[in-house]
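Structural characterization, general
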Amino acid sequence: MRTRNAALAAALCTVLSTALTACGGTEDPDAGTNGVGKLDAAAIQQKTRSAARSADAVHLSGNVVSQGRTYRIDMRLKKNGGTGRVSSSDTGAGAFELLRTGDDLYLKAPAAFWARGAAASASAKLEGKYVKVPAADPSYPQLRGFTEKDALLDGLLGLHGTPSRGEHGKVGGVPTIRVNGGSKGSGGTLDVSLSGEPYPLRVQRAGGAGQLELGDWGKDFALSAPAKGEVVDYGKRIPSGGEGSLTAGS
C-alpha cells in the first residue's frame, strides 16, 4: 500500500509540475503571461515604450509635480488630440478642461479661473465657454503638452538611474512586473502589464514627483471641436487667468 501511495504521489507531482515550479507548490509568476517578466529591465522598458506608442488611445490619471506645483490630471489621449481636466490645488481656481483636435486647442474654465486675470470683467461670460488658445500665445505649448500622447508618455515613462527588474505584482487586478529606476526605485518605478500587450499601467515618478495610472489602452473615444456657439476666440492672444495658471509648465 505504501508503495502504491508513493507511486501515486510521484505521478501527481509530475502532472502538476507544468503549473508549479516544484511539488512544494510555489507558482511560476510568469506562467501564462506575455513573457515580459522574464526579460531584463532594459528590454522590458523597450517593449513597454513600443506598446505605448503603438496604441491608438490611452486614459491617464493621477498627480504630477512640476516646478513646485502639484497638478491633478485626468486625460484621454490619442494621436490627433485629447480631452480631459487639469487642476492645480495652489491656484484656488478649480479645474480647467482642455480639448485639442489637430492643432486647434481649447480651454474651458470656471469664472474663478479668469476672475483674477486680465479677463476679470468678462469672467462670468467666459464660464462654460471654450476659449480658443492661439498657437502664438505663450501658454499654447505648455497647455498642448497635456494633450500630446506620445510626447507626454515619453516623458512620464522615463526612469532615472540604472534600471533593474523588480517584483511581480498587480495593478487593478492585472498581473504586472515592476521596473525600478536607480537604487530601490529612487529613480522612479514602472509597472508593466503581463497580460496581453506589455502596456505601462502605473508610473511613480522619481523624487515623489507624482504617480499616474494608465488604462483603456487602444479604446477609442469621441473627439471633435466644440460647436461655434460654445467658443470664444480672442485672436492672437488670450487674457491670462488667475495666478499665471495658463503658463505653468507641464
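The coordinates are above.
Reference entry: report on the structure contained in this document. For clarity, every value in this text was computed on a predicted model and none was experimentally measured.

1. Details of the sheet that holds strand β12 (residues 231-233)
Judged by pairing direction, the sheet is mixed, and its twelve strands sit side by side in the order β7-β8-β9-β10-β11-β1-β2-β3-β4-β5-β6-β12 without closing on themselves. Every other strand in the sheet has two partners, leaving β7 (163-171) and β12 as the edge strands with one partner each. Averaged over all pairs of adjacent strands, the angle between their axes in this sheet comes to 20°, without regard to strand direction. Bridge count between strand β4 (residues 96-101) and strand β5 (residues 104-108): five bridges; the pairing is antiparallel. Paired with Glu 97 across the two strands is Lys 108, which belongs to β5. Relative to β7, helix α2 (residues 41-54) is tilted by about 55°, and along the sheet it contacts β7, β8 (174-181), β9 (189-193) and β10 (200-204). Across the sheet, helix α6 (residues 149-157) lies against β1 (57-66), β2 (69-78), β9, β10 and β11 (210-215), angled at about 50° from β1, the strand it touches most.

2. Concerning the pattern of salt bridges
Taken as a whole, this structure holds 14 salt bridges when the rule is applied. The residue Asp 154 makes a salt bridge to Arg 49 at a minimum N-O spacing of 3.6 Å. Taken together, the positions of Asp 154 in helix α6 and Arg 49 in helix α2 put the pair 105 residues apart, joining distant regions of the chain. In this structure, the salt-bridge partner of Glu 97 is Lys 108, at a minimum N-O distance of 4.0 Å. Note that Glu 97 is positioned in strand β4 and Lys 108 in strand β5, a separation of eleven residues in sequence.

3. Quick word on the packing of aromatic side chains
On inspection of all chains with the given rule, the structure shows three aromatic pairs. Ring centres of Tyr 106 and Tyr 130 lie 6.4 Å apart, and the angle between their planes is 85°; on these two criteria the pair is classed as edge-to-face. Residue Tyr 106 is found in strand β5, and its partner Tyr 130 is found in strand β6 (residues 130-133); the two are separated by 24 residues along the sequence. Residue Tyr 130 is classed as buried on the basis of its relative accessible area of 14%. When the ring of Tyr 199 is compared with that of Trp 217, the centres are 4.8 Å apart and the planes differ by 5°; the resulting orientation is stacked. Of this pair, Tyr 199 sits in the loop between β9 and β10 while Trp 217 sits in the loop between β11 and β12; the two residues are 18 residues apart in sequence, bridging distant segments of the chain. Like Tyr 199, the residue Trp 217 is buried in the burial classification.

4. Some points on empty space enclosed by the protein
Inspection of the entire model under this criterion finds two cavities of 30 Å³ or more. In this structure, the second largest cavity spans a volume of roughly 40 Å³. Taken together, Arg 49, Ala 52, Arg 53, Asp 150, Leu 153, Asp 154 and Leu 157 make up the lining of the second largest cavity. Breaking the lining of the second largest cavity down by element, the ones donating at least two residues are α2 and α6. The dominant element in the lining of the second largest cavity, judged by the number of residues it contributes, is α6, at four residues. The class makeup of the residues in the lining of the second largest cavity is three nonpolar, no polar and four charged.

5. Things to note about unusual backbone geometry
One non-glycine residue, Lys 184, lies in positive phi territory at about 55°. When you line up the elements, Lys 184 lands in the loop between β8 and β9. Overall, Lys 184 belongs to the exposed group, its relative accessible area being 83%.

6. Quick notes on the pairing of β1
Every other side chain in a regular strand lies on the same face of the sheet, so the side chains alternate between the two faces. Within β1, eight of the ten residues are buried, leaving the element largely enclosed by the surrounding structure. Hairpin connection from β1 to β2: two residues lie between these consecutive antiparallel strands, with Gln 67 at a positive phi of about 50°. Relative to β11, β1 is paired through six bridges, and the arrangement is antiparallel. Bridge pairing in β11 places Ser 61 opposite Glu 213.

Calculation notes
Residues numbered from 1 in each chain as written. Predicted model: local features only at pLDDT ≥ 70, side-chain atom pairs only at ≥ 80, totals over all residues. Heavy atoms only, no water. Pairing = 2+ DSSP bridges. Helix = DSSP H or I, 4+ residues; strand = E, 2+ residues; numbered from the N terminus. Axes fitted to C-alpha atoms, helices over the stretch in contact; angles between N-to-C directions. Contact = heavy atoms within 4.5 Å. Salt bridge = Lys/Arg side-chain N within 4 Å of Asp/Glu carboxyl O. Phe/Tyr/Trp six-rings, centres within 6.5 Å; stacked < 30°, edge-to-face > 60°. Buried < 20%, exposed > 50% of the residue type's maximum accessible area, 1.4 Å probe, protein only. 1 Å grid on protein atoms, 1.4 Å probe; cavity = no way out; pocket = protein on both sides within 12 Å on 5 of 7 lines; lining within 4 Å. Points joined across faces, edges and corners; volume = space filled by probe spheres on them. Nonpolar A, V, L, I, M, F, W, Y, C, P; charged D, E, K, R; others polar.

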